[in-house]
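For reference, the chains in residue letters:
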Amino acid sequence: MTEEWQGWREAAETALYGDGGFYRSPVRSPDGPAGHFRTSVHASPLFARAVAGLLARTAAELGIGTVALVDVGAGRGELLTGVLAATPEGLEVVPYGVEVAARPPGLDPRIVWCTEPPRGVSGLLFANEWLDNVPVDVAEVDGEGVARYVQVRIPDGGERLGPPVTGADAAWLERWWPLSVPGERAEIGRPRDLAWARAVGSLEAGLAVAVDYAHVRGARPPFGTLTGFRGGREVLPVPDGSCDLTAHVALDACAAAVDRGAAELTGQRAALGRLGVSGERPPLSLAATDPAAYVTALAAAGEAAELTARGGLGDFGWLLHRVGAELR
Ligand SMILES: C[S@@+](CC[C@H](N)C(=O)[O-])C[C@H]1O[C@@H](n2cnc3c(N)ncnc32)[C@H](O)[C@@H]1O
């Protein structure tokens, strides 16, 4: 195999989404993302129920009885399936799964499977762990204090420093992730800002939510977060199509890239709390009066605790962007 050096963005684009790439290959990922890592969607049906609640709230705010649910980075449609099962009676949902991978067999026929968000719909657009998989370039400061693109070797993942970062990427770094000390690294989030702005822009009115591992200016990780996952384990990031390639998301930059509506940045613990999910255990007295209900409530509390755990899923960022509704 020939050796080739590329920027991380280009290398990851091919490794994840090219022909036979990690997310497109039924051989590498027969069970989809769920075969390689556990997202909130897989952790508990409580997550889909909370999203169903948010969908109903959004429809009520918009004053509509038929509402779109757009799941961006839909995996195998697990979240859509869960939300459809939990949708309150009387609310008509038009579900869309936006995915680069093929439509999974046996999916609810109501779900429209597409590669781009539908334009001009009103409702809820939800993107759980999508933006961290939008490929980005990586910058590193050299011994002279110059930020340079990191280049990666195909196929073994070796790295070297390439040309200096210039233009729009340099402006992005200066605004969102300033670097100065030799050895410091940053993931240049510009492609995610653009992807998020495009996704939000597809909504006529409603709420767009991005949920991801996140950081904000002033608290960026000094060496970045680029890493790999395969079969449930964290592995070295190698862009050969054999593993997921992911880096935490500068959600504050994504928020600022949208020039309409109003954005709010919060954490999963708080966001799910507002939707009625909390890890609070049922009162012990219930065990005596209704043991079956106690066991059910205890199991739900355990799942909620995982979704809201400090140092775990509870630390995920939620970016909520409301558009159009303020005009009504
Ligand atoms: C980490 S998985 C998350 C799956 C699911 N949302 C969940 O939470 O379990 C990311 C998914 O986003 C999809 N994806 C990434 N970029 C995409 C794009 N530009 N358009 C559509 N799907 C994309 C990948 O194929 C993958 O299925």
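The preceding data block contains the structure.
The sections below set out a description of the structure shown in this document. Not measured: the values here are computed from a predicted model.

Calculation notes
- Residues numbered from 1 in each chain as written.
- Predicted model: local features only at pLDDT ≥ 70, side-chain atom pairs only at ≥ 80, totals over all residues.
- Heavy atoms only, no water.
- Helix = DSSP H or I, 4+ residues; strand = E, 2+ residues; numbered from the N terminus.
- Buried < 20%, exposed > 50% of the residue type's maximum accessible area, 1.4 Å probe, protein only.
- Contact = heavy atoms within 4.5 Å.
- Lys, Arg positive; Asp, Glu negative; His and termini not counted.
- Charge placed at Lys NZ, Arg CZ, Asp CG, Glu CD.
- Axes fitted to C-alpha atoms, helices over the stretch in contact; angles between N-to-C directions.
- Left-handed = near helix turned anticlockwise from the far one by under 90°.
- Nonpolar A, V, L, I, M, F, W, Y, C, P; charged D, E, K, R; others polar.
- Salt bridge = Lys/Arg side-chain N within 4 Å of Asp/Glu carboxyl O.
- Near = heavy atom within 4 Å.
- Polar contact = N/O pair within 3.5 Å; in protein donor to acceptor, adjacent residues only side chain to side chain.
- Areas by Shrake-Rupley, 256 points an atom, 1.4 Å probe, with all protein chains shown as cover.
- Pairing = 2+ DSSP bridges.

### A short note on the overall build of the chain
And then number 1: Across its full length, the chain holds 10 helices and 17 strands.
And then number 2: Overall, the C-alpha framework of the chain stretches about 70 × 45 × 40 Å when taken along its three principal axes.
And then number 3: By the burial criterion, 53% of the 328 residues in the chain qualify as buried.
And then number 4: Sequence separation of 24 or more characterises 73% of the internal contacts of the chain that already satisfy a separation of 6 or more.
And then number 5: Computing the positive centroid from 29 side-chain charges and the negative centroid from 41, the chain places the two 2 Å apart.

### Examining the packing of helix α3 (residues 45-62) against helix α4 (residues 78-86)
And then number 1: Contact geometry for α3 and α4: axes closest at 8 Å, N-to-C directions at 65°. Every pair of crossing elements has a handedness; the one defined by α3 and α4 is right-handed. Along the contact surface, α3 presents Phe47, Ala48, Arg49, Val51, Ala52 and Leu55, while α4 presents Leu79, Gly82, Val83 and Ala86.
And then number 2: Among the residues making up the contact of α3 with α4, the classes are represented as eight nonpolar, one polar and one charged.

### Notes on the pattern of salt bridges
And then number 1: Under the counting rule described, the total for this entry stands at 12 salt bridges.
And then number 2: Measuring nitrogen to oxygen at the nearest pair gives 2.8 Å for the salt bridge that ties Arg38 to Glu306. Residue Arg38 is located in the loop between α1 (8-17) and α2 (40-43), and its partner Glu306 is located in helix α10 (residues 291-307); the two are separated by 268 residues in the primary sequence.
And then number 3: By relative accessible area, Arg38 is classed as partly exposed at 48%.
And then number 4: On the basis of relative accessibility, which here comes to 30%, the residue Glu306 falls in the partly exposed class.
And then number 5: With a closest N to O distance of 3.0 Å, Glu264 and Arg274 form a salt bridge. Highlighted residues: Glu264 in strand β16 (residues 262-267) and Arg274 in helix α8 (residues 268-274), separated in sequence by 10 residues.
And then number 6: Take Glu264: its relative accessible area is 31%, and that puts it in the partly exposed class.
And then number 7: Judged by its relative accessible area of 43%, Arg274 is partly exposed.

### Things to note about the site of the ligand
And then number 1: Near the ligand, the surroundings consist of 16 residues, among which Tyr17, Thr39, Gly73, Glu99 and Asn128 are the closest.
And then number 2: The side chain of Asn128 places a nitrogen or oxygen atom 2.7 Å from an oxygen atom of the ligand.
And then number 3: One of the side-chain nitrogen or oxygen atoms of Trp130 is found 3.3 Å away from a nitrogen atom of the ligand.
And then number 4: Its free accessible area being 600 Å², the ligand has 91% of it covered by the protein chains.
And then number 5: Along the lines of polarity and charge, the residues of the shell around the ligand split into eight nonpolar, six polar and two charged.

### Examining the side chain of Thr227
And then number 1: One can find Thr227 in strand β12 (residues 227-230).
And then number 2: Side chain to side chain, Thr227 and Glu234 meet in a polar contact 2.7 Å long.

### A few points about the pairing of strand β5 (residues 121-128)
And then number 1: The element β5 is extensively covered by neighbouring structure, given that eight of its eight residues are classed as buried.
And then number 2: Here four bridges tie strand β2 (residues 66-72) to β5, and the two strands are oriented parallel to one another. The partner of Asp71 across the bridge, within β5, is Phe126.

### Description of the sheet that holds strand β14 (residues 244-246)
And then number 1: In spatial order, the strands read β13-β12-β14; together these three strands make up an open sheet with antiparallel pairing. Looking at the sheet topology across the chains shown, the edges are occupied by β13 (233-235) and β14. Each adjacent strand pair in this sheet contributes to an overall mean axis angle of 35°, direction not counted.
And then number 2: Sheet topology note: the β12/β14 ladder contains three bridges and is antiparallel. Within β14, the position partnered with Phe229 by the bridge is Asp244.

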